[in-house]
Amino acid sequence: MITVGNILLSILFLMIIPVCLGYLWCEKMHIPVSFPTIYVFGMFFIWSYSQLVLVPMILMDASFTITSIILLLLTIAFMAVFLYQFHLNNPLVPNGHFKRFSIADYPVKDIIAFAVMLMICGYVIYNCIVLQHTDADDSRFVVLAMDTVKSDRMLRINPATGRELIGYIGEMKKDFSSPWAVFLAYISNICGMKASSMIHSLVPVYMYILVSCGLWILADVFFEGQVVFKCFFVSLVWYLIIFSNY
């Protein structure tokens with residue numbers, strides 16, 4: 001059963017923290033700040049430092065608990081840097097006044113196009129919650145994440161047979177160099193959920209939001225400053241995905 005606390009923790013670790021860290025990097029790299037940009041940057045940054053920690057820890061056969069504590073402390077440290085930077089240069093309060101935002105500042109056609117795009121994205125996210133997509137190949141991530149939490153060891157079994165791994169060969173070579181299953185185990189553990197429940201319910205929601213943000217960034221490359229065309233591009237890609245049987 002998913003509780004309100006589980007959902008709030010998932011929002012914190014898979015939405016709020018990535019947005020904060022993404023903002024930090026966009027400011028440092030002088031990249032225009034927007035929600036899609038900072039969210040994508042933030043998630044990629046989290047995945048990057050997690051991979052730098054996880055790969056050597058897996059090689060050393062370190063405890064999953066200790067590894068999770070290291071990742072959590074790193075996250076807290078980066079958030080402290082963000083808060084310090086945000087305090088120095090608060091973009092929300094220039095000259096002591098909050099920036100004004102009004103939907104009336106945008107043309108009606110842009111508002112309608114954006115609303116239609118949000119409805120299509122929402123439809124896709126809704127379906128990923130209520131429906132089931134089975135993939136025999138990628139289902140190994142669920143097995144590996146569950147075993148990681150249960151055994152407190154990372155990537156030490158063959159997900160197809162359940163036997164102890166002798167070495168990282170075949171698909172496991174890829175899983176070792178990019179330990180997505182262990183990251184899922186870490187996020188599930190920190191949100192207080194079983195890995196299988198987290199992977200089948202909340203994680204897909206944030207991944208679809210991330211993909212939508214990535215599509216918006218790509219659309220901005222093709223149609224910079226043209227909101228209607230950007231919305232149409234994102235909607236079209238999702239429309240094709242909906243009917244592509246994937």
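See the structure above.
All figures in this text were calculated on a predicted structure; none of them were measured in a lab. (Residues numbered from 1 in each chain as written. Predicted model: local features only at pLDDT ≥ 70, side-chain atom pairs only at ≥ 80, totals over all residues. Heavy atoms only, no water.)

### Regarding the packing of aromatic side chains
Applying the stated criterion across every chain, the model contains 16 aromatic pairs. Ring geometry for Trp47 versus Trp180: centroids 5.7 Å apart, planes at 90°, classification edge-to-face. Of this pair, Trp47 sits in helix 2 (residues 35-59) while Trp180 is found in helix 7 (residues 180-190), placing the two residues 133 residues apart along the sequence. Taken together, a centroid distance of 5.7 Å and an interplanar angle of 25° make the contact between Phe223 and Phe229 stacked. Residue class for Phe229 comes out partly exposed when judged on its relative accessible area of 45%. Connected via pairs of aromatic rings, a cluster forms that spans Phe44, Trp47, Trp180, Phe183 and Tyr186. Directly above the ring of Phe141 sits Arg140, whose terminal nitrogen or CZ lies 4.6 Å from the centroid. (Phe/Tyr/Trp six-rings, centres within 6.5 Å; stacked < 30°, edge-to-face > 60°. Helix = DSSP H or I, 4+ residues; strand = E, 2+ residues; numbered from the N terminus. Buried < 20%, exposed > 50% of the residue type's maximum accessible area, 1.4 Å probe, protein only. Lys NZ or Arg CZ within 6 Å of the ring centre and 35° of its normal.)

### What to know about the packing of helix 4 (residues 108-130) against helix 10 (residues 227-242)
Relative to each other, helix 4 and helix 10 sit at 20°, their axes nearing to 9 Å. Looking at the two axes, helix 4 sits roughly parallel to helix 10. Relative to helix 10, helix 4 is oriented so that their crossing is left-handed. Contacts between helix 4 and helix 10 involve Lys109, Asp110, Ala113, Phe114, Met117, Ile120, Cys121, Tyr123 and Val124 from the first element and Val227, Val228, Cys231, Val234, Ser235, Trp238 and Ile242 from the second. Here the contact of helix 4 with helix 10 is composed, by residue class, of 13 nonpolar, one polar and two charged. (Axes fitted to C-alpha atoms, helices over the stretch in contact; angles between N-to-C directions. Parallel < 35°, antiparallel > 145°, perpendicular 65-115°, else oblique. Left-handed = near helix turned anticlockwise from the far one by under 90°. Contact = heavy atoms within 4.5 Å. Nonpolar A, V, L, I, M, F, W, Y, C, P; charged D, E, K, R; others polar.)

### Description of the nonpolar core
In this structure, Tyr39, Ile187 and Met198 are the most contacted members of the largest nonpolar core, which totals 59 residues. No other element matches helix 2, which puts 12 residues into this core. In this structure Met198 touches Ser10, Leu14, Ile187, Ser188, Cys191, Met193, Val203 and Pro204, once residues within four positions along its chain are discounted. One finds Ala113, Cys121, Val124 and Trp238 within the second-largest nonpolar core, a separate group that totals 11 residues. (Core = buried A, V, L, I, M, F, W, Y, C linked by side-chain atoms within 4.5 Å.)

### Here we look at the pattern of salt bridges
For the coordinates displayed, the defined rule picks out three salt bridges. Across the pair Asp61 and Arg153 runs a salt bridge whose closest N-O atoms are separated by 3.2 Å. Residue Asp61 is located in the loop between helix 2 and helix 3 (64-88), and its partner Arg153 is located in the loop between helix 5 (140-151) and helix 6 (171-177); the two are separated by 92 residues in the primary sequence. Given a relative accessible area of 29%, Arg153 falls into the partly exposed group. With a closest N to O distance of 3.0 Å, Asp220 and Lys230 form a salt bridge. Of the two residues, Asp220 is situated in helix 9 (residues 202-222) and Lys230 in helix 10; the sequence distance between them amounts to 10 residues. A relative accessible area of 8% means that Lys230 is categorised as buried. Taken together, the shared-partner salt bridges in this structure form one network comprising Asp61, Arg153 and Arg156. (Salt bridge = Lys/Arg side-chain N within 4 Å of Asp/Glu carboxyl O.)

### Considerations on the packing of helix 4 against helix 9
Direction vectors running N to C along helix 4 and helix 9 enclose 150°, while the axes themselves pass 9 Å from each other. Our classification of the angle between helix 4 and helix 9 gives roughly antiparallel. Regarding helix 4 and helix 9, the two cross each other, and that crossing is right-handed. On helix 9, the residues that touch Phe114, Met117, Cys121, Val124, Ile125, Cys128 and Ile129 of helix 4 are Pro204, Val205, Tyr208, Ile209, Ser212 and Trp216.

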